[in-house]
Amino acid sequence: MTALALRALASAALIATSACAGGMASDDRYSSELQRLTEDCRARGGILTPNSAQSSGAPERDFACKINGEPSSRTR
């Protein structure tokens, strides 16, 4: 799957989750936490990918940081 497709999937999951969440404060918290996780993952050279089709309401459980590329220097 391409990076663009994964971003679209993550965005769709965020929209679906926010539609199910109970209240604006919950939506804002979920969105801000998802943004923080996305930025952290990108800084490590990865892309945030959904763990499953269902949402738990907690982005740290709903998404995982997938990192492809060079092995870490600790494994050489």
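Residues numbered from 1 in each chain as written. Predicted model: local features only at pLDDT ≥ 70, side-chain atom pairs only at ≥ 80, totals over all residues. Heavy atoms only, no water.

**Student:** What should I look at first to understand the overall build of the chain in this one?
**Tutor:** Helix and strand counts for the chain stand at 3 helices and 2 strands. Each helix and strand of the chain, ordered N terminal to C terminal, gives the series α-α-β-α-β. Burial analysis of the chain (76 residues in total) assigns 22% to the buried set. Long-range contacts, defined as pairs at least 24 residues apart, comprise 35% of the intrachain contacts of the chain with a sequence gap of at least 6. If you sum the accessible surface of the chain, you get close to 5400 Å²; carbon and sulfur atoms cover 55% of it. (Helix = DSSP H or I, 4+ residues; strand = E, 2+ residues; numbered from the N terminus. Buried < 20%, exposed > 50% of the residue type's maximum accessible area, 1.4 Å probe, protein only. Contact = heavy atoms within 4.5 Å. Areas by Shrake-Rupley, 256 points an atom, 1.4 Å probe, with all protein chains shown as cover.)

**Student:** Is there a simple way to explain the pattern of salt bridges in this structure?
**Tutor:** Pairs can form between side chains of opposite charge once their charged atoms are near each other. In total, this model carries 2 salt bridges according to the counting rule given. In this structure, Arg 44 engages Asp 40 in a salt bridge whose closest nitrogen and oxygen atoms are separated by 3.3 Å. Residue Arg 44 is classed as partly exposed on the basis of its relative accessible area, which comes to 47%. (Salt bridge = Lys/Arg side-chain N within 4 Å of Asp/Glu carboxyl O.)

**Student:** Is there a simple way to think about the pairing of strand β1 (residues 46-50) in this case?
**Tutor:** Along a regular strand, successive side chains alternate from one face of the sheet to the other. β1 sits mainly inside the fold: 4 of its 5 residues count as buried. For β1 and strand β2 (residues 63-67), the ladder comprises 5 bridges, and the chain directions are antiparallel. Its bridge partner lying in β2, Ile 47 is registered against Lys 66. (Pairing = 2+ DSSP bridges.)

**Student:** Would you explain the confidence of the model for the chain in this entry?
**Tutor:** Do not read the predicted coordinates in detail wherever pLDDT is low. Considering every residue of the chain, the mean pLDDT works out to 77; 59% of them sit at 70 or more. The least confident element of the chain, judged by mean pLDDT, is helix α1 (residues 3-20) at 60; the most confident is β2 at 93. (pLDDT = per-residue confidence, 0-100.)

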